[in-house]
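Chain by chain, the residues run as shown.
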Amino acid sequence: MPMTDLLYARAQMGLSLAFHIVFAAAGVALPVLMVLSDWKARRTGDADYVKLSQKLAKGTAILFAVGAVSGTVLSFELGLLWPEFMGQYGEVIGLPFSLEGVAFFTEAIFLGIYLYGRERVSPGLHLFSGVMVAVSGAASAFFVTLVNTFMNHPSGFTPTATGPVDVQPLVAMFSPGWQYQTAHVLLSCYQASAFAMAGIHAFVLLRHPGAAFHKKALSVALPLACVTALLQPVVGDLSAKHVAKAQPVKLAAMEGQFETERGAPLRLGGLPNVETGEVPYALDIPKGLSILAFADPDAEVKGLNAFPRDEWPPVGKVHVAFQVMVGTGSAMALLALASLGWRWRKKAWPHGRKWLWAWLLSGPLGVVAMEAGWLVTEWGRQPWILRGVMRTADAVTPVPHLAAPFWTFTAVYLFLGVTVVLLLVRQVAGTLPGRAGDAPEGAAHAH
């Protein structure tokens, strides 16, 4: 397919989102892990937990800085690449954008207090500042997700040929389904970050089995990873049920459902063929989709053929991304369930080599599931930028030669990505046994 300016604009926005979401998720979740470590340090007086909270604070600062840069780029791209959308509907959905800015600056202020006030403010105020970093980070993600909810299910205005009228900002801000999408996104942030942290420390423990610091770090990450991995399928099911009612064409693309039918099967795997209307290589579970979507084995599920062809999302991409999200999410939930079962029976978190390998291999799955989920959300809304109201092609900038900024930002993101990885590797390397500055194993000091 030749790359038009529309495709370059979409690709640039997609690249920016894919890059930013990783840092945004870490900015939401790492402060929670940081505060948990700090709280354990105060409760136990263990120097390893003090060191862990310090390392997590530095990691939060690094990721916050890069997230701020990529988030600012996204803000400009919304206006520069999609001027028709922002020009007409910016006033409708401006409130959550403004509140996200407040949350961002609040997070920056309290992160500064936490980073530089450890020995300068009271212990209570220092811990409170960490809590506020976690709360404001979650609030920032919450408000941004409300914007995406509005784009998927626009409300709070009356569309006319000249633009929106009868604007109700609060109604637009809390568009139908907001509670499911925001919960799904926030859980994915905590889940992806906790699994990544568990994978990193499992890797170190496989090489250095006696590293007490990393055992304690793993004990901080595992509870959050397990709880979120088990909650996510529940919230995901509620979100999918809402999509089935509010966005049936997206559900049909997600499941590769071409024909409208009662007792629709649930398809596992497969590659949809839009020409034949079939999904070869799929494993069909009879009536599974009707049960999951409507809690009724004989419920009718609308197929893609019930909608105009020019309103179909890219079916193959949406279906595969959805399968990846569900598959990785299921794997993480099974590992979490097994780990919690071990924890309940043995009164300790699993730490054998097989368990460590399992957590190491599952470390990237949270990020993979999160990225796949966003692809389902964004691809599944096409060809609309504002579903049912404005098409993506009608919102793009008329400025030509969009290939230039696309490749420029691709190079910038590659540079930033490599830099961040090197900085984080340096942070982890500083905790390895035998490194200068490490506290002896078992050392405990009052914080």
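Thresholds applied
Residues numbered from 1 in each chain as written. Predicted model: local features only at pLDDT ≥ 70, side-chain atom pairs only at ≥ 80, totals over all residues. Heavy atoms only, no water. Helix = DSSP H or I, 4+ residues; strand = E, 2+ residues; numbered from the N terminus. Buried < 20%, exposed > 50% of the residue type's maximum accessible area, 1.4 Å probe, protein only. Contact = heavy atoms within 4.5 Å. Lys, Arg positive; Asp, Glu negative; His and termini not counted. Charge placed at Lys NZ, Arg CZ, Asp CG, Glu CD. Expected span 1.5 Å × (residues − 1). Bend = angle between axes of the 7 residues up to and from the residue. Salt bridge = Lys/Arg side-chain N within 4 Å of Asp/Glu carboxyl O. Patch = residues over 30% accessible without salt bridge, like charges linked within 9 Å, V, L, I, M, F, W, Y side chains within 5 Å. Areas by Shrake-Rupley, 256 points an atom, 1.4 Å probe, with all protein chains shown as cover. Phe/Tyr/Trp six-rings, centres within 6.5 Å; stacked < 30°, edge-to-face > 60°. Lys NZ or Arg CZ within 6 Å of the ring centre and 35° of its normal. pLDDT = per-residue confidence, 0-100. Domains from an automatic or database assignment. Buried area = accessible area lost by both parts, 1.4 Å probe. Polar contact = N/O pair within 3.5 Å; in protein donor to acceptor, adjacent residues only side chain to side chain. Nonpolar A, V, L, I, M, F, W, Y, C, P; charged D, E, K, R; others polar.

A. Representation of the overall build of the protein within the structure. When you go through the protein residue by residue, the secondary structure sums to 15 helices and eight strands. With respect to the three principal axes, the spread of C-alpha positions in the protein is 70 × 45 × 40 Å. Counting all 447 residues of the protein, 51% fall into the buried class. Restricting to contacts in the protein with at least 6 residues of sequence separation, those with at least 24 account for 76%. The distance from the centre of the 32 positive side-chain charges to the centre of the 28 negative ones in the protein is 15 Å.

B. Looking closely at helix H1 (residues 5–44). The end-to-end C-alpha separation of H1 is 58 Å, in line with the 58 Å expected for 40 residues at 1.5 Å each. The axis of H1 is deflected most strongly, by about 25 degrees, at Gly 27, and proline Pro 31 appears within four residues downstream. Immediately downstream of H1, the backbone of Gly 45 shows phi near 75 degrees, a positive value.

C. A look at the pattern of salt bridges. Taken as a whole and assessed by the stated rule, the structure comprises nine salt bridges. As a salt-bridge pair, Glu 378 and Arg 381 come within 3.2 Å of each other at their nearest N and O atoms. Of this pair, Glu 378 and Arg 381 both sit in helix H13 (residues 365–381), three residues apart, which is roughly one turn of the helix. Its relative accessible area of 18% is what places Glu 378 among the buried residues. Classification of Arg 381 by relative accessible area gives buried; the value is 4%. Salt bridges sharing partners connect three or more residues here, namely Asp 46, Asp 48 and Lys 216.

D. Just a nonpolar patch on the surface, in detail. Together, Leu 271, Tyr 281, Val 320, Val 324 and Val 368 make up a nonpolar patch on the protein surface, roughly 470 Å² of accessible area in all. Exposure remark for Val 320: the relative accessible area of 37% places this residue in the partly exposed category.

E. Spatial organisation of the packing of aromatic side chains. Throughout the structure, instances matching the rule amount to 17 aromatic pairs. With a centroid separation of 6.0 Å and 55 degrees between ring planes, the pair formed by Phe 150 and Phe 157 is classed as tilted. Each member of the pair Phe 150 and Phe 157 is classed as buried. An angle of 40 degrees between the planes, with centres 5.0 Å apart, marks the rings of Phe 195 and Trp 359 as tilted. Here Phe 195, found in helix H7 (residues 178–207), pairs with Trp 359, found in helix H12 (residues 353–362); they are 164 residues apart in sequence, far enough to count as distant. Residue Phe 195 is classed as buried on the basis of its relative accessible area of 0%. One aromatic cluster is present, built from ring pairs that chain together Phe 19, Phe 23, Phe 409 and Tyr 413. Just above the ring of Trp 342 sits the side chain of Lys 346; from NZ or CZ to the centre is 5.3 Å.

F. Quick peek at helix H8 (residues 212–246). With 35 residues, H8 extends 50 Å from end C-alpha to end C-alpha; this agrees with the ideal 51 Å at 1.5 Å per step. The largest bend in H8 is about 25 degrees, located at Gln 232, with the proline Pro 233 one to four residues further on.

G. Region of interest: the confidence of the model for the protein. A residue-level look at the protein finds 95% of positions with pLDDT of 70 or above and a mean pLDDT of 87. Contacts from residues 436–447, a stretch scored under 50 in pLDDT, to residues over four places away or in other chains number 21 contacts.

H. A look at the environment of Leu 115. In this structure, Leu 115 sits in helix H4 (residues 94–116). Separated by 54 residues in the primary sequence, Leu 115 and Ala 61 place their C-alpha atoms 8.3 Å from one another.

I. Region of the structure containing the domain arrangement of the protein. By the assigned domains, the protein splits into domain 1 (1–176 + 407–431) and domain 2 (194–400). Centre-to-centre, using C-alpha coordinates, domain 1 lies 22 Å away from domain 2. Contact residues are listed per partner, giving 39 residues for domain 1 and 38 residues for domain 2. The junction of domain 1 with domain 2 conceals about 3,200 Å² of combined surface from both sides, 71% of it contributed by carbon and sulfur atoms. Along the contact surface separating domain 1 from domain 2 lie two salt bridges. Close ionic contact of Asp 46 with Lys 216 constitutes a salt bridge, the shortest N to O distance being 2.7 Å. The tally of links from domain 1 across to domain 2 stands at eight residue pairs in polar contact (both at pLDDT 80 or more). Mapped by element, the contributors of at least two residues to the side of domain 1 that touches domain 2 are H1, helix H2 (47–81), helix H3 (83–89) and helix H5 (123–152). Residue contributions to the side of domain 1 that touches domain 2 peak at 14 residues, all from H1. Counted by class, the side of domain 1 that touches domain 2 contains 26 nonpolar, six polar and seven charged residues.

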